[in-house]
Structure formats: C-alpha cells, structure tokens
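Structure at a glance
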Amino acid sequence: MEKLFADRVHPETASRLAGLFPVMDYDDAIKFTAGAPAENLFPSDEMKQAYLAAMAAEGDHTFQYHTVEGPYELRERLAKRARERMKITDAKPENVMLTAGGQQGIDLVAKLLLNKGDAMVVEAPTYVGALASFDMYEPTYYEVNLEADGMAIDQLETLLRAHPEIKSLYTVADFHNPGGVTLSLAKRQRLVELANQYDFMILEDTPYRDLRYVGESLPTIKSFDTEGRVIFLSSFSKVLMPALRLGWLVADEKVLKQLYKLKEGADLEVPNLTAAAVNNFLANNSLDDHIAKLNQEYLIRQQAMLKAIATYMPEGVTATKPEGGFFTWVTVPESINTTDLLYNEATPNQHIAYVPSKNFYAYKDHTNGMRLNFTGLTPAQIDDGMKRLGTLLADRLTKVIN
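Fair warning: this is a prediction, and the values are worked out from it, not measured in the lab. (Residues numbered from 1 in each chain as written. Predicted model: local features only at pLDDT ≥ 70, side-chain atom pairs only at ≥ 80, totals over all residues. Heavy atoms only, no water.)

**Considerations on empty space enclosed by the protein**
The following threshold applies: A cavity here means a set of 1 Å grid points, computed over protein atoms only, where a 1.4 Å probe fits but cannot escape. A pocket is an open set with protein on both sides within 12 Å along at least 5 of 7 lines, and lining residues have an atom within 4 Å of a point. Grid points are joined across faces, edges and corners, and a volume is the space filled by probe spheres set on the points. Here a helix means four or more residues in a row that DSSP labels H or I, a strand means two or more in a row labelled E, and each is numbered from the N terminus. Note on residue categories: nonpolar means Ala, Val, Leu, Ile, Met, Phe, Trp, Tyr, Cys or Pro, charged means Asp, Glu, Lys or Arg, and polar means any other residue, Gly included.
Considering all chains together, one arrives at three cavities of 30 Å³ or more under this definition. By volume, the largest cavity amounts to about 80 Å³. Around the largest cavity, the lining is made up of 13 residues, and of these Asp210, Ser234, Ser235, Val239 and Trp248 lie nearest the centre. Of all the elements in the fold, those that place two or more residues in the lining of the largest cavity are helix H2 (72-85) and strand E8 (230-235). Of the residues that constitute the lining of the largest cavity, the class distribution is seven nonpolar, three polar and three charged.

Quick look at the structure:
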C-alpha cells in the first residue's frame, strides 16, 4: 500500500511532532514541555455566554453552511486591532483571513509559496510545528542562527547574496518559540528591506505578541511592509483558548485571493459557530483587560523561571531571558545529548520533562539544547523542577570531566 502514497509523505520517517512529549505517570512529575496556557486563566464563563449568544442570534441558521471568509464583523474587529495594536495601518476587513488556528495559516502559506526544492530560510532553532508543515512541501532549508535580539541579520544577508533563489522566510519575531528572544526594531526594518531587495516573502508568526511581561511592545514586521511581501499571522490559542482553533492573518489582497483558493480546497469555510462566539466575546468583554490579567500572572512565573535558572543551573549552561511568551531556551555543553538525557535520566529518574532541541532544527543536527515552558506551571513547581534539572546537569557534567 505504501507505494501508493505521495513522495512527500515519506512513510519511513516519523513526524517531527510524534513522541515530542514523553509520557509520565509519576505523581511528582513536572512537565516543562507543552506550550499550553494556564487553564485556570481561561475566560470560561464569558466564552460560554458568547456561544449561547451566537446560537440565539441566528437560530438554526447558525448551524448551516456559511462562507469561507467568516463573519465580517469579526474580521472588522481584527483589522481594527491590527491597525491599533500591530501598527499595520492599512489593515481592513478585506485583508483579514480567519484560519483553523495559526497552524492552518502556516500550512496554507507553505502550500502557497513552496514547490519541492524551493529555497526558504528558517531560524535555528525554530517552531517545530512550522517545520512539520514545511516538510510536507519538501523545501531546501537554509538556517539562520538566533542572537539575543533575534535572527542574525548579517548572516541572513550573506546567505541571500550566495543564494538569490531564496523565495521565503519564516520567523517568530516576538518571544520566539522555542528561543524566547525578540527581534529588535532595527532588524525588523532591515528584514523588510532585504525582502524587497532580494525578492522573497516573509511569514511573520506572532501567537505570543500580546504576552509581554516587561519592556515595550515593538512594531510588527508587517508594519514596515511596502510591497505586500509580509504575511502577518496570529491566533487566539495563547490569549483565549487553544480549543477554539481560531487563527487570523493579514496579507496583501493579491496574496489573500490565492490563500482563499487553497482554503476552500481544504475546509470550505471557517467554523461559523466558533467565529461568531469569538466575535461576541470581543464585543462584550475587554480582550486587553483579559490579556493584562494573563500578563500579570505569567510575569510571576517568568520571574520564577529566571530565578531558578540563576540558582540551579551549573556553569557551562546558558539560557535566554524572555521578556514575554511561553518559553526559555537552554543550551548545554555539546557533550550532552538532551534527547538521550530526557529519556534515559530526566524522565525515569528525576520525573521531569522538557522538549529536546533536535526537532527544532531543520536538519535535526543540534542535540545540546532544550525548550522549557513556564506558563503551565506554578512558581513552586518551576523551582522544584529546575532544581532537579540543575542537579541532573551538574551530575552529568561532572561525569564528563572525570
């Protein structure tokens, strides 16, 4: 049967997402793994009311087929938010597309831009879910390292001069997943200049943008776009609820026309009930007030993580210092393979889990890093888990030296 599958499937190769999180049934397990928001902060009661209002508004017609574009009023609200919060001054409802979570947006853009073998740039490391989607279209990856202020733009420029065939670039500019860093203002501006000069498209993935705990928000990359080369992508998964599976993007109308063609072939329409409920939620509640509540709580957890890293990590281990988002990225000496460490020691012996670095790289060739989530744990759990991890790393490094 496998001979009937398309080449892109590669039946012998496991998905990057398969087995990403080890199963742990220990009573004292501490998981730094999933990029999940805190469930106790979900606006559950308000969302229930929003769904009831959506069902009451149109009666049985609520459950009928609707349009691929989704509710105009919701797109109008999102366009307004894009103008005011994202500084995308020309955003309007016709530029906004609703998607089944941010992940569908990534997949649709990949389908739009990538033929087999096409050259694209990704950060090293980068979001594993994006790589899982891109892999299906079999591009040629070119990796650009992360620095403390985001993508290494000088390295990117050198790469573009050597490979002018590069046609697309993917970046998580705000509170990078998995790196935790944020692209600087100067680099955002320069990135658009390079896109114009070297004729490539940019996918700006921003699910964490509103979750800033310290410092000032920066303009989006899209806000500097003068030629329609930037596709801005966001989601309600991190700021409301993941199960909504509702994302949204802002793109040039010529780009959007082709994305709608692809979306119609994928799912015909946005789930109308969910879209209507989210619109009701936004109409009757302050999203900004809710985000402020999230940021207040997540700041406590972020500070607990940074304090625990400073307290427990042994010499030779480094970590990023995120100003927002969900993650910090830890780098250990190259003598330690974090995948082996996870399955052979961290999980069975210390009852802790993290996401090892391997699948965050296009060619799976970096094995001495790990992504740690802090939003899904209490400060006490963070401290306990990091103490266990620090002890484990110190013990491993001592064995290497001896």
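Having put the structure on the table, let's press on.
**Considerations on the environment of Asp383**
Note the following rule: Note on contacts: a residue pair qualifies if any of its non-hydrogen atoms lie within 4.5 Å across the two residues. Two N or O atoms count as a polar contact when they lie within 3.5 Å, although within protein this holds only if one can serve as hydrogen donor and the other as acceptor, and sequence-adjacent residues are included solely when both atoms are side-chain atoms.
Following the sequence through the fold, Asp383 ends up in helix H11 (residues 379-401). In this structure, the C-alpha to C-alpha distance between Asp383 and Met305, residues 78 residues apart in sequence, is 7.2 Å. Aside from chain neighbours lying at most four places away, what touches Asp383 is Ala308 and Tyr312. Within the structure, the side chain of Asp383 is placed 3.1 Å from the side chain of Tyr312, a separation counted as a polar contact.

**Details of helix H4 (residues 128-135)**
Applied cut-off: Partly exposed residues are those whose accessible area sits between 20% and 50% of the maximum for their type, while under 20% is buried and over 50% is exposed, using a 1.4 Å probe and protein chains only.
With seven of eight residues buried, H4 is to be regarded as a mostly interior element. Residues of H4 that are buried include every one of Val128, Gly129, Ala130, Leu131, Ala132, Ser133 and Phe134, and no others. Packing partners of the buried residues in H4 comprise helix H3 (101-113), strand E3 (119-124), strand E4 (140-147) and strand E6 (168-171).

**Describing the packing of aromatic side chains**
We apply this condition: The rule is short: rings of Phe, Tyr and Trp, with Trp giving its six-membered ring, pair when the centres are within 6.5 Å, and they are stacked under 30 degrees, edge-to-face over 60, tilted in between.
Evaluation of the coordinates by the stated rule reveals 10 aromatic pairs. Aromatic side chains Tyr208 and Phe327 sit 5.8 Å apart centroid to centroid with 75° between the ring planes, which places their arrangement in the edge-to-face category. Of the two residues, Tyr208 is situated in the loop between strand E7 (201-205) and E8 and Phe327 in strand E11 (residues 327-331); the sequence distance between them amounts to 119 residues. You can call Tyr208 buried: its relative accessible area is 3%. Judged by its relative accessible area of 1%, Phe327 falls in the buried class. Three or more aromatic residues link up through ring pairs in this structure, and these residues are Tyr208, Tyr213, Tyr298, Phe326 and Phe327.

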